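Inside the fold
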Amino acid sequence: MTIAAQYPSAYNVFVPNASATNNLIVDFARNPNDFSINKYIQVIKSEQNTGLYTKMTNEVCARYMNDGYGAAWAYGTERDKGYHNLESFKMEMYRTFRWQRSVTLDHDTIKQAAWNITDQYNRILAAQAMTARTEQVISVMTDPNNYAGVTGHVVDVSATEGLGFWDTSITADLWIKKAINMARTTIRKDTLGNVQSEDLVMVMGPDVAQALSESQEIVDYIKASPDALRQVEGKLGGGEYGLPTQLYGIPVIVEDCTIVTSPKGAPRATQFAFPAGTCAIVSRPGGLVGASGGPNFSTVVLFAKEEMTTESFDMPKDRYTQLSITEDYVAELVAPVSGVLLTNLLSTNAA
């Protein structure tokens, strides 16, 4: 590269380097802890890459029999064997899949970089891994076929009596509130009250969040709130797109995970991972990490045999270092009765 002769100035008397920005690296690699996925799934450690989980019918404990307290037992007669109280179950299999993401850096590149380039690429690989994990979870959670065994857990609001498009809902309609209440009631009933409102979260993409915040029903909902001014001023914190952190008693999670759909070198094309015009109300009781064995009403579970194993392979002979992140997991919709998928929410997406 030939540099033309020039007169000295404040802009050309030094060699540009990263110290001017305190080695700040401008990239889009996100901290994995910031991904919204951690707010609506549970992770269960799997000792093997293939395992079973139990699905109970979950009816007997709430079945109203005879006088409501048990089988009547007349004096002097044989005790009832209680065979009618046996509960049915079935075993479901899961199988984890191993994924690895890597990058190779020449030794001279690592030595001469003005920043810690290996740390940067470890963050990039971690963000790539979390993006892939999020996309898999969303695919499982928003696939209507995964709710096929239960009735009323996939709701097309545009085709359901008493409901309508969320973006055109006004206070007199209350279509948003009615859909949320319908989902909440369905989950509570079909889990026999084991899943309560405090266990639920509402997951949506940015398109639905934006449409909700601009709908007249939600505008009036916020306006009537005693915290309306602080909400508008953004002083309540946590809410996105002008939405409250909770909507009709259920926390709102805006899943803004973005994926690049264009090949490397082609004009950049991106899209949100969460499908447009869709919202999932799911259960995530307890913390992020769940216990294996026993009943679990978390709608989506990530069975993980290995998570975020970071490795570095130095090859002195060839003078390069390979960085790698390995994971071994699978996402499963283990409790469809504890979730409701709401579809065709927006008039702009209607066929």
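Located above this text is the structure these notes cover.
Residues numbered from 1 in each chain as written. Predicted model: local features only at pLDDT ≥ 70, side-chain atom pairs only at ≥ 80, totals over all residues. Heavy atoms only, no water.

**Let's talk about the overall build of the protein chain**
The number of helices and strands found in the protein chain is six helices and 15 strands. Across the 351 residues of the protein chain, 36% fall into the buried class. Of all intrachain contacts in the protein chain linking residues separated by at least 6 positions in sequence, the fraction that spans at least 24 positions is 78%. Taken as a whole, the protein chain presents about 20,800 Å² of accessible surface, with 53% of it coming from carbon and sulfur. (Helix = DSSP H or I, 4+ residues; strand = E, 2+ residues; numbered from the N terminus. Buried < 20%, exposed > 50% of the residue type's maximum accessible area, 1.4 Å probe, protein only. Contact = heavy atoms within 4.5 Å. Areas by Shrake-Rupley, 256 points an atom, 1.4 Å probe, with all protein chains shown as cover.)

**Some remarks on the packing of aromatic side chains**
On inspection of all chains with the given rule, the structure shows two aromatic pairs. Ring plane angle 5° and centroid distance 4.0 Å describe the contact between Tyr94 and Phe303, whose orientation is recorded as stacked. Of this pair, Tyr94 sits in strand S3 (residues 89-95) while Phe303 sits in strand S13 (residues 300-315), and the two are 209 residues apart along the sequence. With relative accessibility at 8%, the residue Tyr94 sits in the buried group. Above the plane of the ring of Tyr329 lies Arg133, whose end atom (NZ or CZ) is 5.5 Å from the centre. (Phe/Tyr/Trp six-rings, centres within 6.5 Å; stacked < 30°, edge-to-face > 60°. Lys NZ or Arg CZ within 6 Å of the ring centre and 35° of its normal.)

**Regarding unusual backbone geometry**
A positive phi angle is found at Leu174, which is not glycine, with a value near 55°. Among the structural elements, Leu174 can be located in the loop between strand S5 (154-156) and helix H3 (175-190). Leu174 sits in the partly exposed class, given a relative accessible area of 28%. Even without being a glycine, Met308 presents a positive backbone phi close to 45°. For Met308, the position within the fold is in strand S13. By relative accessible area, which is 25% here, Met308 ends up partly exposed.

**Side note on the nonpolar core**
In terms of nonpolar packing, the biggest core is built from 32 residues, with Trp166, Met202 and Ile281 touching the most fellow members. The set of elements that each furnish at least two residues to this core consists of H3, strand S6 (200-204), helix H4 (206-214), helix H5 (216-223), strand S8 (250-254), strand S11 (279-283) and strand S15 (340-343). Those residues in contact with Met202, other than ones at most four positions away along the chain, are Trp166, Ile180, Leu247, Ile250, Pro251, Val252, Ile253, Cys279, Ala280 and Ile281. Among the nonpolar cores identified, the runner-up in size contains 27 residues, and Val203, Ala273, Leu302 and Tyr329 belong to it. (Core = buried A, V, L, I, M, F, W, Y, C linked by side-chain atoms within 4.5 Å.)

**A word on the sheet that holds strand S7 (residues 246-247)**
By way of backbone hydrogen bonds, the strands of a sheet pair with one another, either parallel or antiparallel. Reading across from one edge, S5-S15-S11-S6-S8-S7 is the order of the six strands in this open sheet, with mixed pairing throughout. One side of each edge strand has no neighbouring strand; the edge strands of this open sheet are S5 and S7. Of the pairings in the sheet, the one linking S11 to S15 comprises three bridges and is antiparallel in character. When the bridges of S15 are listed, Ala280 appears paired with Leu341. (Pairing = 2+ DSSP bridges.)

**A few points about the pairing of strand S14 (residues 320-333)**
Counting buried residues in S14 gives 11 out of 14 residues, a clear majority hidden from the surface. Pairing of strand S4 (residues 97-106) with S14, which is carried by 10 bridges, proceeds in the antiparallel orientation. Bridge pairing in S14 places Thr104 opposite Gln322. The sheet contact formed by S13 and S14 spans 13 bridges and is antiparallel. Within the sheet, the bridge partner assigned to Leu302 lies in S14 and is Ala331. Hairpin remark: S13 followed by S14, antiparallel, with four residues in the connecting loop; positive phi at Arg319, about 60°.

**A look at the packing of H4 against H5**
With their axes 5 Å apart at the nearest point, H4 and H5 run at an angle of 65° to one another. In this structure, H4 uses Leu212, Ser213 and Glu214 to contact H5, whose residues at the interface are Gln216, Ile218 and Val219. (Axes fitted to C-alpha atoms, helices over the stretch in contact; angles between N-to-C directions.)

**Digging into the pattern of salt bridges**
Inspection of every chain in the model, using the stated rule, returns three salt bridges. In this structure, the salt-bridge partner of Glu327 is Arg133, at a minimum N-O distance of 2.3 Å. Placement of Glu327 in strand S14 and of Arg133 in helix H2 (residues 117-141) is noted, with a sequence separation of 194 residues between them. Across this residue pair, the class does not change: Glu327 and Arg133 are buried. The salt bridge partner of Lys223 is Asp220, with a shortest N-O separation of 3.4 Å. On the criterion of helical spacing, the pair formed by Lys223 and Asp220 is a turn pair, its members being three residues apart in helix H5. (Salt bridge = Lys/Arg side-chain N within 4 Å of Asp/Glu carboxyl O.)

**A short note on the side chain of Thr343**
With respect to the element layout, Thr343 can be found in strand S15. Other than its neighbours up to four places away in sequence, Thr343 contacts Val155, Asp156, Val157 and Gly277.

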